[in-house]
Amino acid sequence: MKLIDLNRDGGIGANSLFVQIGELNVLVDCGLHPKKAGRSATPDLTPLRGKTLDLIIITHCHLDHIGSLPVAMREHPNTPVIMTTSSRMLIERMLHNSANVMMRQREEENIPEYPLFTHDEIDRIAGRLTGLPFGHAKRFRGAKDEIEIIFHPAGHVAGAAAVELRHKHRGIFFTGDVLFTDQRTVPGARFPAGHFDTLVTETTRGDTERAPDRTRASEMTRLVDSINATIQRGGSFLIPVFALGRMQEVLTILHDARKFGRLVDCPIFASGLGMDLADYFDEISRKTKHIQFNRSVIKDLKIKPTPRKLAAGQDPEQNALYIVSSGMLVERTPSYVLASGLVGHARNTIGFVGYCDPDTPGGHLLAARQGETILFKAANVKAKLKARIERFELSGHADREELLEFAVQSEARCIILTHGDQPARDWFAEQLAVQAPKSKVIDPVPLKPYQV
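Not measured: the values here are computed from a predicted model.

Reading guide: rules and limits
Residues numbered from 1 in each chain as written. Predicted model: local features only at pLDDT ≥ 70, side-chain atom pairs only at ≥ 80, totals over all residues. Heavy atoms only, no water. 1 Å grid on protein atoms, 1.4 Å probe; cavity = no way out; pocket = protein on both sides within 12 Å on 5 of 7 lines; lining within 4 Å. Points joined across faces, edges and corners; volume = space filled by probe spheres on them. Helix = DSSP H or I, 4+ residues; strand = E, 2+ residues; numbered from the N terminus. Nonpolar A, V, L, I, M, F, W, Y, C, P; charged D, E, K, R; others polar. Expected span 1.5 Å × (residues − 1). Buried < 20%, exposed > 50% of the residue type's maximum accessible area, 1.4 Å probe, protein only. Contact = heavy atoms within 4.5 Å.

As for empty space enclosed by the protein
One simple way to see leftover space: roll a probe sized like a water molecule over the atoms.
(1) Moving on: Counted under the stated rule, the structure contains three cavities of 30 Å³ or more.
(2) Moving on: Space inside the largest cavity adds up to approximately 200 Å³.
(3) Moving on: Every residue lining the largest cavity is counted, 20 residues in all, and those nearest its centre are Asn15, Leu17, Asp29, His65 and Thr418.
(4) Moving on: When residues in the lining of the largest cavity are grouped by element, the largest group, three residues, is from strand E11 (residues 198-202).
(5) Moving on: Of the residues assigned to the lining of the largest cavity, the class counts are four nonpolar, eleven polar and five charged.

Next up, the structure:
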């Protein structure tokens, strides 16, 4: 097998792997970098030029994995695309939202390359997108070779899959983004025990040490307690969330707390793509049974739409709970604008519930100290940090110890590290050198071909 990481900068961003298995050329994911703009945000697809791309496999529908898919499909107009049944129900909505965002960015930020694709183009490629159920072995035959594909539930988010490929007598396993612990909405990953010749593993939380006294259940309780304390002292609580997955998970946690009388009565504001996706989650829950979500939670919680006009640097003073994207406070998003007005007041709290890139505004806020001046450059706001900034371990990614254990038991001849910042990858490389000394470990340099 040959492998090239097409993510221009490595780390976590425009996730995309080009693998050549026998005579087959396969692309695994084709994402968009959340911190970049224009063509530089896409994977570098030049290694595919002049080649017949036989198949594109999508692991899940977060934009760092699908945001450049229409670009690759345009350059390879005959290539089929497969994903899980649940992802197939989500992907068009996610891509249409991305097109809307790029149109807005073109105007607001003067990015002439945007949009990278149009709504019409998404509609045209839809017929090439196919969903497969979990656990169903599917043979795919190219012109000269064939592979067998099996999707395994990866937790993380609705539709997320690990990908098992069988070529002749060889097994290759891509974890995708994975969470082994059950969430309220999505069961944890169910991976096959046993051995693989090659393992491609995510490493997102490799630089995050597991807190021995914290469980997912205790973190949910701590979140609800923190919300209650904030509301009771007259403040507002902002939960920045990813629209796909985190918002529906948080809504379900709050619904449980409210049902059992553990959540204080207060206004709850939420809107945007995440609320729209609640309808899709409800449908997936009914049709596939692979997730648990009922849209009635929105009615029961009496969710109000977030005000369309949010004033940067101003506290709305609603004594309310806000659940809005983006999860990393990306510039010009509702969570970014709200945070710029909330941070300067000690009564407020901002609580992060998922992965936060250290180079994003959310990452900067998590690293800041009380009293430090925070610059919201895109909003033209400066404020001294007085609000409480908290992190709750409710990530959609597995603890590093769990991924390490899976990698070791796989007894893979070769282990390839992906989807992690450099310190995270370094931790895995060091641990695997000790615990799996017979495995060759590769931390791929972007755009460099590897013979695996």
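Brief notes about helix H7 (residues 273-288)
(1) Moving on: Over its 16 residues, H7 runs 22 Å from end to end, which matches the ideal 22 Å to within 8%, given 1.5 Å per residue.
(2) Moving on: Listed as buried for H7 are Leu273, Gly274, Met275, Leu277, Ala278, Phe281, Asp282, Ile284, Ser285 and Thr288.
(3) Moving on: The inward-facing, buried residues of H7 abut helix H3 (85-109), helix H6 (246-259), strand E13 (268-270) and helix H8 (296-300).
(4) Moving on: Within two residues after H7, Lys289 carries a phi angle of roughly 65 degrees, on the positive side.

Here we look at unusual backbone geometry
(1) Moving on: Look at the link from Tyr114 to Pro115: it is a cis peptide, with omega at -5 degrees.
(2) Moving on: Of note in the backbone geometry, Lys289 takes a positive phi value of approximately 65 degrees without being a glycine.
(3) Moving on: Despite not being glycine, Leu447 has its phi angle at roughly 70 degrees, a positive value.
(4) Moving on: Classification of Leu447 as partly exposed rests on a relative accessible area of 33%.

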